[in-house]
Amino acid sequence: MAHKNNGVTDLNLPMVDPLPADIQKYFDICDEKLGLVPNVLKAYAFDMEKLRAFSAMYNELMMGDSGLSKLEREMIAVVVSSINRCWYCQVAHGAAVRELSGNPQLGEAMVMNWRMAKLDARQHAMLLFAEKITKASAETEEADRDALRSVGFTDRDIWDIAATVGFFSMSNRMASAVGMKPNDAYHASHR
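Residues numbered from 1 in each chain as written. Predicted model: local features only at pLDDT ≥ 70, side-chain atom pairs only at ≥ 80, totals over all residues. Heavy atoms only, no water.

Q: Explanation requested: the nonpolar core in the structure shown.
A: Within soluble globular proteins, side chains that are nonpolar generally end up buried alongside one another. In terms of nonpolar packing, the biggest core is built from 58 residues, with Phe 27, Leu 41, Ile 76, Tyr 88, Met 110 and Ile 161 touching the most fellow members. No other element matches helix 9 (residues 155–178), which puts 8 residues into this core. (Core = buried A, V, L, I, M, F, W, Y, C linked by side-chain atoms within 4.5 Å. Buried < 20%, exposed > 50% of the residue type's maximum accessible area, 1.4 Å probe, protein only. Helix = DSSP H or I, 4+ residues; strand = E, 2+ residues; numbered from the N terminus.)

Dropping the structure here:
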């Protein structure tokens, strides 16, 4: 019999109550900026150190300084999550692609088949690389990195692409393994 955690996961790992002040502040900022607290954060809220580590890495990769735009990072997240069939991340990050691009079709294409999206050469090369290292990272060769350089990516950008793929590969596995549910609001947003 599956246990429910307020619809967040299939595991019964209740959030710490009350939340520490820094975490409550973070949740309040999420609610203010996003209109919700992402279920992934609620899922980690049974263990503050794991939540802090997850949030720090996510915030650095997705919002920190990078030669990759926020949209490009979200596109990577969706392509990786689609390959890994992660329900939570396909829904949540598909919504982010729709929001950042202003293009609902782009968000849908990223989830369903990124090759059907209208992409420029830079985006295509980036997502081809993301797909390869998601499916077969040990087969990555210098030619794969050179293909990124040829469309303007720096070595730092290549690092950021790889780090984003790695983070979402881990996150996808966690979300699937614990039965993480996407927030209902993601389904209809930015369509």
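Q: Would you mind showing me how to read helix 7 (residues 121–136) here?
A: Think of an α-helix as turning once every 3.6 residues; residues three or four places apart then point the same way. The terminal C-alpha atoms of helix 7, which comprises 16 residues, lie 22 Å apart, in line with the 22 Å expected from a rise of 1.5 Å per residue. Listed as buried for helix 7 are Gln 123, Ala 125, Met 126, Leu 127, Phe 129, Ala 130, Glu 131, Ile 133, Thr 134 and Ala 136. Check the buried side of helix 7 and you find it contacts helix 4 (70–83), helix 6 (104–112), helix 8 (142–149) and helix 9. (Expected span 1.5 Å × (residues − 1). Contact = heavy atoms within 4.5 Å.)

Q: Explain the environment of Ser 66 to me, please; I cannot follow it from the model alone.
A: Examined against the element boundaries, Ser 66 turns out to sit in the loop between helix 3 (48–63) and helix 4. Looking at Ser 66, the relative accessible area reads 25%, which means it is partly exposed. Sequence-wise, Ser 66 and Ile 161 are 95 residues apart; in three dimensions their C-alpha atoms are separated by 9.7 Å.

Q: I keep staring at the packing of helix 7 against helix 9 and nothing clicks. Help me out?
A: Between two packed helices, both the angle of their axes relative to each other and the distance between the axes serve to describe the pair. At their nearest, the axes of helix 7 and helix 9 sit 10 Å apart, and the two run at 45 degrees to each other. Looking at the two axes, helix 7 sits oblique to helix 9. Considering the relative orientation of helix 7 and helix 9, their crossing is right-handed. Where helix 7 abuts helix 9, its residues Met 126, Phe 129, Ala 130, Ile 133 and Thr 134 lie against Ile 158, Ile 161, Ala 162, Val 165 and Ser 169. (Axes fitted to C-alpha atoms, helices over the stretch in contact; angles between N-to-C directions. Parallel < 35°, antiparallel > 145°, perpendicular 65-115°, else oblique. Left-handed = near helix turned anticlockwise from the far one by under 90°.)

Q: Could you clarify how one ought to interpret the packing of aromatic side chains in this entry?
A: When we look at a pair of aromatic rings, we describe it by the centre distance and by the angle of the planes. Considering all chains together, one arrives at 7 aromatic pairs under this definition. With centroids separated by 5.3 Å and ring planes inclined at 40 degrees, the aromatic side chains of Phe 54 and Phe 167 adopt a geometry described as tilted. Taken together, the residues Phe 54 in helix 3 and Phe 167 in helix 9 connect sequence positions 113 residues apart. Neither residue differs from the other here; Phe 54 and Phe 167 are each classed as buried. Each ring, one from Tyr 58 and one from Phe 167, has its centre 6.1 Å from the other, and the planes form 55 degrees; the classification is tilted. (Phe/Tyr/Trp six-rings, centres within 6.5 Å; stacked < 30°, edge-to-face > 60°.)

Q: Hey, could you run me through helix 1 (residues 21–34) in this one?
A: If you check helix 1, its first and last C-alpha atoms are 20 Å apart, about what 14 residues at 1.5 Å a residue would give, namely 20 Å. Turning to helix 1, its buried residues are Ile 23, Tyr 26, Phe 27 and Cys 30. The buried residues of helix 1 occupy an angular sector of 95 degrees when projected down its axis, which confines them to one face. Residues of helix 1 that are exposed and point over 90 degrees away from its buried face: Ala 21, Lys 25 and Glu 32. Buried residues along helix 1 sit against helix 2 (39–44) and helix 3. Two residues or fewer after helix 1 comes Gly 35, characterised by a positive phi angle close to 80 degrees. (Arc of directions from axis to C-beta.)

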